[in-house]
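# Descriptive analysis of the structure
Chain by chain, the residues:
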Amino acid sequence: MTDHADIQGLPFEKALAELEQIVTRLESGKVDLEQSIAIYERGEALKTHCEKLLKDAEARIEKITLRPDGTPSGTEPLDVG
């Protein structure tokens, strides 16, 4: 498997854009087998990285809690499940 250490420093938007380019290339059918395997592996690494960044972002998001009268009473972790 190829080393994809450079992916760890990519911001979400750049990683997602590169992943979209990989999907387009693979769907075109104009990539030879060896190159398809290499870019597929990179795509998998990018997908994993994007999922981790999203999970980390969700963990930092909090929702505002309200009192019965509608005024803010504080925050609590956002339950996205």
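The structure we're discussing is the one just above.
This write-up is about the structure you can find in this document. (Residues numbered from 1 in each chain as written. Predicted model: local features only at pLDDT ≥ 70, side-chain atom pairs only at ≥ 80, totals over all residues. Heavy atoms only, no water.)

What follows covers the overall build of the chain. Secondary structure assignment for the chain yields 2 helices and 2 strands. Across the chain, helices and strands are ordered from the amino to the carboxyl terminus as α-α-β-β. Since a compact globule built from 81 residues should have a radius of gyration of about 12 Å, the 19 Å found for the chain marks it as more spread out than a globular shape. With the C-alpha coordinates aligned to their principal axes, the bounding extent of the chain is approximately 65 × 25 × 20 Å. Buried residues in the chain amount to 19% of all 81 residues. Taking all contacts inside the chain whose residues are at least 6 apart in sequence as the whole, residues at least 24 apart take part in 45%. (Helix = DSSP H or I, 4+ residues; strand = E, 2+ residues; numbered from the N terminus. Rg over C-alpha atoms; globule rule 2.2 N^0.38 Å. Buried < 20%, exposed > 50% of the residue type's maximum accessible area, 1.4 Å probe, protein only. Contact = heavy atoms within 4.5 Å.)

Now for the packing of helix 1 (residues 12-28) against helix 2 (residues 33-60). Direction vectors running N to C along helix 1 and helix 2 enclose 150°, while the axes themselves pass 9 Å from each other. Put simply, helix 1 runs roughly antiparallel to helix 2. For the pair helix 1 and helix 2, the sense of crossing is left-handed. Note on element contacts: helix 2 touches helix 1 through Gln35, Ser36, Ile39, Tyr40, Arg42, Gly43, Leu46, Lys47, His49, Cys50, Leu53 and Leu54, opposite Phe12, Ala15, Leu16, Glu18, Leu19, Ile22, Arg25 and Leu26. Here the contact of helix 1 with helix 2 is composed, by residue class, of 12 nonpolar, 4 polar and 4 charged. (Axes fitted to C-alpha atoms, helices over the stretch in contact; angles between N-to-C directions. Parallel < 35°, antiparallel > 145°, perpendicular 65-115°, else oblique. Left-handed = near helix turned anticlockwise from the far one by under 90°. Nonpolar A, V, L, I, M, F, W, Y, C, P; charged D, E, K, R; others polar.)

Turning to the pairing of strand 1 (residues 62-66), a few remarks are in order. Here strand 1 runs beside strand 2 (residues 72-77); their pairing, made up of 5 bridges, is antiparallel. Bridge pairing in strand 2 places Thr65 opposite Gly74. Linking two consecutive strands that pair antiparallel, namely strand 1 and strand 2, is a turn of 5 residues; a positive phi of about 95° is found at Gly70 within it. (Pairing = 2+ DSSP bridges.)

As a further point, take the pattern of salt bridges. Across all of its chains, the model carries 4 salt bridges by this definition. The partner of Arg42 in a salt bridge is Glu18, and the shortest N-O contact between them spans 2.4 Å. On the criterion of sequence distance, the pair formed by Arg42 in helix 2 and Glu18 in helix 1 is long-range, its members being 24 residues apart. Overall, the relative accessible area of 17% leaves Arg42 in the buried class. Judged by its relative accessible area of 21%, Glu18 falls in the partly exposed class. In this structure, Lys47 engages Glu51 in a salt bridge whose closest nitrogen and oxygen atoms are separated by 3.2 Å. Highlighted residues: Lys47 and Glu51, both in helix 2, separated by 4 residues, approximately one helical turn. Judged by its relative accessible area of 35%, Lys47 falls in the partly exposed class. (Salt bridge = Lys/Arg side-chain N within 4 Å of Asp/Glu carboxyl O.)

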